[in-house]
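Here are the chains, one letter per residue:
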Amino acid sequence: MTKTLKQALKTHFGFDGFRSKLQEDVVKAVIKGDRDVFVCMPTGAGKSLCYQLPAVLANGITLVISPLIALIQDQVDHLRELNIAACSINSKLPAGERRLILTDLESSSPRLKLLYITPEMVASPSFQPCLTGLCNRGLLSYLAVDEAHCVSQWGHDFRPDYLKLGLLRARLPGVPCLALTATAPKNVQEDIMKSLQLRLPLSFVTPVFRSNLEYDVIFVELLPNPYVHLHAFVKKALGCGIVYCRTREGCETVAHQLTKLGVLAKAYHAGLKAGDRSEVQNEWMQGKVLVIVATISFGMGVDKANVRFVAHWNLAKSLASYYQESGRAGRDGLPSACRTYYSRKDKEQINFLIRQEIRRRQEKRGSAKETDKAAITDFEAMVLFCEQEKCRHAIISQFFGDKSPNCAGACDFCRNPKVVRAQLEKAAVLSTR
Ligand code: ADP
Ligand code: MG
Ligand code: ZN
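Now for a look at the structure at hand. Predicted, not measured: the structure shown is a model, and the values here were computed from it.

Definitions and cut-offs
- Throughout, a residue's number is its position along its own chain's written sequence, starting from 1.
- To read the labels, note that chains go from A and ligands from 1, taken in the order they are written.
- Per-residue local features are limited, in this predicted model, to residues with pLDDT of at least 70; the limit for side-chain atom pairs, both in listing and counting, is 80 or more; totals at the level of whole chains, interfaces and linings are taken over all residues.
- The side-chain figures draw on all heavy atoms in the structure; neither hydrogens nor water molecules are used.
- Two rings from Phe, Tyr or Trp (for Trp, the six-membered ring) form a pair when their centres sit within 6.5 Å of each other. Planes less than 30 degrees apart are called stacked, planes more than 60 degrees apart edge-to-face, and all others tilted.
- Secondary structure follows DSSP: runs of H or I at least 4 residues long count as helices, runs of E at least 2 residues long count as strands, and numbering of each begins at the N terminus.
- Three labels apply to residues, based on accessible area from a 1.4 Å probe with only protein chains included: buried if under 20% of the type maximum, exposed if over 50%, partly exposed otherwise in between.
- Near residues are defined by distance, with any heavy atom within 4 Å of the molecule or strand qualifying the residue.
- Nitrogen and oxygen atoms within 3.5 Å of one another constitute a polar contact, given that in protein one can donate a hydrogen and the other can accept it, and given that sequence-neighbouring residues count only through two side-chain atoms.
- Only the protein chains shown count as covering a residue, and every accessible area follows the Shrake-Rupley method with a 1.4 Å probe.
- For this scheme, ten residues count as nonpolar: Ala, Val, Leu, Ile, Met, Phe, Trp, Tyr, Cys and Pro. Four count as charged, namely Asp, Glu, Lys and Arg, and the remainder, Gly too, count as polar.
- In this tally, Lys and Arg are treated as positive and Asp and Glu as negative; His is ignored, and so are the chain termini.
- Salt bridges are defined as contacts in which a side-chain nitrogen from Lys or Arg sits within 4 Å of a carboxyl oxygen from Asp or Glu.
- Contacts are residue-level and defined by heavy atoms, with any inter-residue pair within 4.5 Å sufficient.
- Here, any two strands with at least 2 DSSP bridges between them count as paired.
- All axes are obtained by fitting lines to C-alpha atoms, using only the stretch in contact for helices, and the reported angles, taken between N-to-C directions, cover 0 to 180 degrees.
- Distances decide who is a donor: an N, O or S atom must be within 2.8 Å of the metal, or within 3.2 Å for Na, K and Ca. Water is not included, so sites may look incomplete.
- Note on geometry labels: four donors, all angles 85 to 135 degrees, give tetrahedral; four donors become square planar and six octahedral when opposite donors are over 155 degrees apart and every other angle is between 65 and 115; remaining cases are irregular.

Before going further, it helps to spend a moment on the packing of aromatic side chains. A complete count under the given rule lists 12 aromatic pairs for this structure. Taken together, a centroid distance of 6.4 Å and an interplanar angle of 15° make the contact between Phe13 and Phe15 stacked. Considering the side-chain rings of Tyr323 and Phe400, the 5.0 Å spacing of their centres and the 55° angle between planes classify their relative orientation as tilted. With Tyr323 in helix 13 (residues 319-326) and Phe400 in the loop between helix 16 (392-399) and helix 17 (412-415), this residue pair connects regions lying 77 residues apart in the sequence. Exposure remark for Phe400: the relative accessible area of 2% places this residue in the buried category.

Written out as structure tokens, the structure is:
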């Protein structure tokens with residue numbers, strides 16, 4: 001079986017082997033088909049293949065749920081380039097094309113292998129006859145829920161429409177279900193399995209610790225010139241990277257300052273025209289621009305292996321988001337630097353914004369919720385990451401429910417705890433003045 005799987009991998013996707021043992025194990029478990037499968041692997045680990053390869057090898061159709069039409073379009077285009085019959089039914093599809101797809105799906109042996117839809121579409125009445133028809137004729141091979149953390153209210157990207165997927169899963173009892181997400185904390189993982197009504201799922205989870213990432217925290221208020229400091233960090237990283245800022249103005253300023261100091265940097269945020277945004281992204285992907293200075297809108301679905309650094313000019317809103325954002329560095333396994341520029345002023349500001357957002361949500365719905373508290377707790381974890389005298393890798397691993405890893409000097413605390421202490425002490429003096 002292993003041999004034929006490898007052959008199929010080569011024939012259909014052009015890959016010489018699995019990206020990891022975990023990827024191979026998932027594919028085998030999915031094909032076996034006797035249990036639901038839960039996959040938690042970081043972005044870029046190759047989760048799509050975990051359902052795409054089984055989909056190609058199965059007789060019927062694999063239904064893939066994904067939250068954004070843009071993400072879906074990328075995948076469908078990619079599969080078509082590989083000559084794999086994939087398409088998407090969504091609200092933006094012209095009626096003619098939609099008709100063609102539905103006709104294929106109603107035929108006795110559809111050509112289609114992968115059908116991508118958004119959760120809104122799953123729930124839409126117009127799609128129900130098609131779904132029921134496929135199910136009754138035994139033509140659904142697998143149900144894959146991508147970006148499955150969207151189902152969890154504890155997660156950082158909750159989408160109410162994902163909640164309906166539990167009902168979908170219940171309607172398709174004989175169809176093995178596969179849920180995929182990038183790294184999620186334990187409580188989110190459990191929430192996903194429960195909400196999607198997975199049955200005794202087999203869990204495949206990448207360990208949180210990534211030994212090639214070097215974490216450090218710099219107290220920005222102690223620096224004579226923060227931009228010069230950032231510039232030195234960028235130079236030392238020897239390669240391209242991302243600087244995350246909270247605001248558009250922040251992006252513009254940092255990009256301008258870095259460029260002035262001699263490193264070509266460009267801003268990326270929602271205030272730019274879509275065309276300009278994708279141009280900046282392309283230039284950065286091709287290495288023509290070394291540094292992209294972006295709001296967190298940048299990064300989802302971006303696949304660049306050789307990112308040498310990720311700097312946070314402002315605090316991330318939770319430790320989970322920070323892990324995901326900083327984790328865009330070093331996907332090729334080579335040493336890469338992750339730095340947070342921290343200030344208590346920034347902390348107060350973000351704290352304020354989070355509480356304001358919670359209040360707004362509560363006023364809208366007229367009541368408080370457990371998840372409101374979670375937003376604050378998750379941010380507090382981010383602050384502790386910066387303010388504790390403890391291995392940064394250990395803090396992250398424990399947050400996600402893993403045991404403390406062997407950091408071996410891959411963080412500022414393990415490299416030199418005295419420096420971390422001195423920085424904290426100086427900052428404390430500063431804040432009492
Ligand atoms: P994820 O969904 O986990 O973020 P993707 O499925 O988007 O990751 O895959 C990331 C990249 O890895 C894609 O460019 C994909 O083509 C590539 N990839 C996946 N599996 C393999 C493999 N076995 N060998 C080489 N490249 C792979
Ligand atoms: Mg993915
Ligand atoms: Zn450490």
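What follows covers the site of ligand 1. Near ligand 1 there are 13 residues, and of these Gly17, Arg19, Gly44, Lys47 and Ser48 occur at the shortest range. Here a nitrogen atom of ligand 1 sits 3.0 Å away from a polar atom, N or O, in the side chain of Gln23. With the chains in place, 75% of the 570 Å² that ligand 1 exposes on its own is no longer accessible. Residues that form the shell around ligand 1 fall into these classes: four nonpolar, six polar and three charged.

Moving on, we come to the side chain of Arg210. You can see Arg210 is positioned in the loop between strand 7 (202-205) and strand 8 (213-219). Buried charge Arg210 goes without a salt bridge, the closest partner of opposite sign being Asp332 at 6.9 Å. Polar contacts involving the side chain of Arg210 include one to the main-chain carbonyl oxygen of Gly330, which spans 3.2 Å. If near-sequence neighbours (up to four positions away) are discounted, Arg210 is found in contact with Tyr323, Gly327, Ala329, Gly330, Arg331 and His393.

Read across the sheet, seven strands follow the order 3-4-2-5-6-1-7 without closing on themselves; strand pairing throughout is parallel. Either end of the sheet is taken by a strand with one partner, and the two such strands are strand 3 (86-89) and strand 7. Neighbour-to-neighbour, the strand axes of the sheet open up by a mean angle of 20°, direction not taken into account. Relative to strand 6 (residues 177-181), strand 5 (residues 140-145) runs parallel, the two sharing three bridges. When the bridges of strand 6 are listed, Val145 appears paired with Ala179.

Once that is clear, we can look at the coordination of the zinc ion (ligand 3). Protein coordination of the zinc ion (ligand 3) is provided by Cys391 (SG), Cys407 (SG), Cys411 (SG) and Cys414 (SG), with donor distances spanning 2.3 to 2.4 Å. The coordination sphere of the zinc ion (ligand 3) comprises four donor atoms, whose angles at the metal cover 103 to 117°; the geometry is tetrahedral. Sequence positions of the residues that donate to the zinc ion (ligand 3) give the spacing C-x15-C-x3-C-x2-C. Taking the relative accessible area as the measure of exposure, Cys411 reaches 0% and is therefore buried.

Counting across every chain of the model gives 20 salt bridges. The residue Asp372 makes a salt bridge to Arg365 at a minimum N-O spacing of 3.2 Å. By relative accessible area, Asp372 is classed as buried at 3%. Taking the shortest distance from any N to any O, the salt bridge between Arg421 and Glu389 comes out at 3.0 Å. On the criterion of sequence distance, the pair formed by Arg421 in helix 18 (residues 417-432) and Glu389 in the loop between helix 15 (370-387) and helix 16 is long-range, its members being 32 residues apart. What makes Glu389 partly exposed here is its relative accessible area of 37%. Because the salt bridges share partners, they merge into one network encompassing Glu357, Arg360, Arg361, Arg365 and Asp372.

Bringing the environment of Ile218 into the picture now. Looking at the element boundaries, Ile218 is found in strand 8. The residues contacting Ile218, other than those within four sequence positions of it, are Leu223, His229, Arg339, Thr340, Tyr341, Tyr342 and Gln423.

Purely geometric numbers; function is a separate question.
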